[in-house]
Amino acid sequence: MKTFLILGAGTGGTMMANKLSKRLDRQEWKIVLVDRDETHYYQPGFLFLPFEYYAPEKVYQPKRKFVPSGVEFILSDIELIEPDANKVTLTKDKQVIHYDQLLLATGTDIHPEEIEGMNEGGWRKNIFDFYTFEGAMALRGFLKNFNGGRVVLNIAEMPIKCPVAPLEFMYLADYYFKQRGIRNKVDLVFTTPLSGAFTKPVSAKLLGDVMTKKGIHTEADFAVSGVDSGKNTISSYDGREIKYDLLVTIPTNMGAEVIGRSGMGDDLNFVPTNKFTLQSDKHQNVWVIGDATNIPASKAGSVVHYSAETLIENVISAVEGKELEAKFDGHSTCHIVSGNNKSLLIDFSYETEPLPGLYPFPVVGPFPLLKESTFNYLGKLAFKWVYWNIMLKGIPFPLPPEYSIAGKQRVA
Amino acid sequence: MSVLDSVKFDADGYLEDPKVWTKEIAEAIAKREGVTLTERSWVVINYSRKEFETKGEAPTLRAITKNTDVDTKELYSLFPGGPGKLAAKVSGLHKPTGCI
Ligand SMILES: Cc1cc2nc3c(=O)[nH]c(=O)nc-3n(C[C@H](O)[C@H](O)[C@H](O)COP(=O)(O)OP(=O)(O)OC[C@H]3O[C@@H](n4cnc5c(N)ncnc54)[C@H](O)[C@@H]3O)c2cc1C
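Caption draft 1: View of the overall build of chain A. Helix and strand content of chain A: 7 helices and 24 strands. For chain A, whose C-alpha radius of gyration is 21 Å, the value lies close to the compact-globule estimate of 22 Å for 412 residues. Viewed in the frame of its principal axes, chain A has a C-alpha envelope of about 65 × 50 × 40 Å. Across the 412 residues in chain A, those meeting the buried criterion constitute 59%. Once local pairs closer than 6 in sequence are excluded, the contacts in chain A between residues at least 24 apart make up 66%. Surface summary for chain A: the accessible area is close to 16,600 Å², and the carbon and sulfur share equals 50%.

Now the structure itself:
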């Protein structure tokens, strides 16, 4: 028997376990899936937890529920990967697994300790993240008793997972404080190392306009140098200092420590990966999916979904000794919640930045791109159901995975 | 007459062809951008050029501070404003691609 080993049973690992169990010859292949955490979190739901728009129990389910029959699931931390010897050592019982093919799907985590003073006195008192379940729930508790003051959000450095989530947080905060009737007592400040609200010119302008319209102040080119939780200030290297009552941080995002430990990562522990084939740059029998890669696409569930369609074809080609023909185009679709039951939608690829228009079909849409609409918001809410019931199970959408320019308007 | 007259720049002021870069060009770009290059600036420039030659693009700030003895604070004093962009410009590299 040959072994197909998958490290990480989050969005990508689970999806691929389901696809592989259908496509690999089960007489010949054993599939093993490893994760240290028993619980699968629907991470897009973390955005809604602080504002009490979702009940906590809506965002998690047991991981085992999504493991297809016949796939072995091992609950353990991973100690070391030795790609030159085709073996992995788990923490539990120091179990050694020899593999024929390896898929890395270990995602990315936040590292507040990378920013001076961030996780000291004020951490989880008036400094919170919302990229973890614990962080989002702690912030929920804080916001309940918050009756006014300055709310500062900071993005420490790029890349971050779901790069639109911080914008959505600001838009939702505006709406939330309005609903509570205290918007006039709250200052909203968005600090980012980017030169505008988002990275790509057309969407940066449009998304920045939404910020301005909502009375949210943007401090661009803000490279955070540290936090002083005695004075409640956050500073930048160019000498700006901003006082906060509540600091919401998107700390440095890094790939799994085991990737770094095993000498397989870049400066941020992301794995150098071929952006078209999703094969590791260094090892032909190592594949990488999702947030763990260094490919220049968004670290988002939608990217995991689209790229899985490419990856499964290439893995099957490789085990059959054929050329890798499938090419991922960097397709990404993001819903951006903007408050008041509305959201915007962006759709882009390696080659084409987010453009206005209609998605997925020209003229009929039904989802308008880069424009606030209630219909888009329904799409975002439906995403939770789609995630649990379709995406994780590796069932293809009735939508083409390739990016299409049809329906989009070129902006001069 | 400046060494810059004979080379082409893109709309944002980055050298069109990183291969034509010389130390004189670096000095001239720095002057145009209003920064003085010191021995320490050259640690960053030399590292950036080396990275470009192996990887084909400008290094990130994190890579610079991790792989040289210049820390972020010093980087901001050597290349005020946006050190990532400014160091790339002076090193004759293309504009660093922002991540999405
Ligand atoms: C606040 C927020 C909002 C988001 N909103 C959206 C959205 O609207 N749309 C969208 O498409 N995406 C969104 N995302 C992003 C999306 O959730 C992720 O991109 C996606 O889940 C990545 O999947 P993955 O498989 O790469 O990693 P993950 O799903 O994070 O899985 C990684 C797994 O690896 C395991 N692991 C790591 N290290 C080890 C180890 N040493 N030993 C054992 N196991 C290990 C972890 O336990 C985890 O289960 C959002 C994310 C956040 C945080």
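Caption draft 2: Representation of the environment of Leu143(A) within the structure. Residues and elements named next belong to chain A. The topology assignment puts leucine 143 in helix H2 (residues 133-144). Between the alpha carbons of leucine 143 and aspartate 77 there is a distance of 34 Å; along the sequence they are 66 residues apart. Apart from residues no more than four positions distant in its own chain, leucine 143 is found in contact with Pro50, Phe51, Tyr176, Phe177, Arg180 and Leu246.

Caption draft 3: Just the interface of chain B and chain A, in detail. Between chain B and chain A, the residue contacts involve 11 residues of the former and 19 residues of the latter. Buried area between chain B and chain A, both sides added, is near 1,300 Å², and the carbon and sulfur share of it is 57%. The tally of links between chain B and chain A comes to 3 salt bridges. In this structure, Glu157(A) engages Arg62(B) in a salt bridge whose closest nitrogen and oxygen atoms are separated by 2.7 Å. Across the chain B-chain A interface, the total number found is 3 residue pairs in polar contact (both at pLDDT 80 or more). If you list the elements that add at least two residues to the side of chain B that touches chain A, you get helix H3 (61-67) and helix H4 (72-78) of chain B.

About the thresholds
Residues numbered from 1 in each chain as written. Chains lettered and ligands numbered in written order. Predicted model: local features only at pLDDT ≥ 70, side-chain atom pairs only at ≥ 80, totals over all residues. Heavy atoms only, no water. Helix = DSSP H or I, 4+ residues; strand = E, 2+ residues; numbered from the N terminus. Rg over C-alpha atoms; globule rule 2.2 N^0.38 Å. Buried < 20%, exposed > 50% of the residue type's maximum accessible area, 1.4 Å probe, protein only. Contact = heavy atoms within 4.5 Å. Areas by Shrake-Rupley, 256 points an atom, 1.4 Å probe, with all protein chains shown as cover. Buried area = accessible area lost by both parts, 1.4 Å probe. Salt bridge = Lys/Arg side-chain N within 4 Å of Asp/Glu carboxyl O. Polar contact = N/O pair within 3.5 Å; in protein donor to acceptor, adjacent residues only side chain to side chain.

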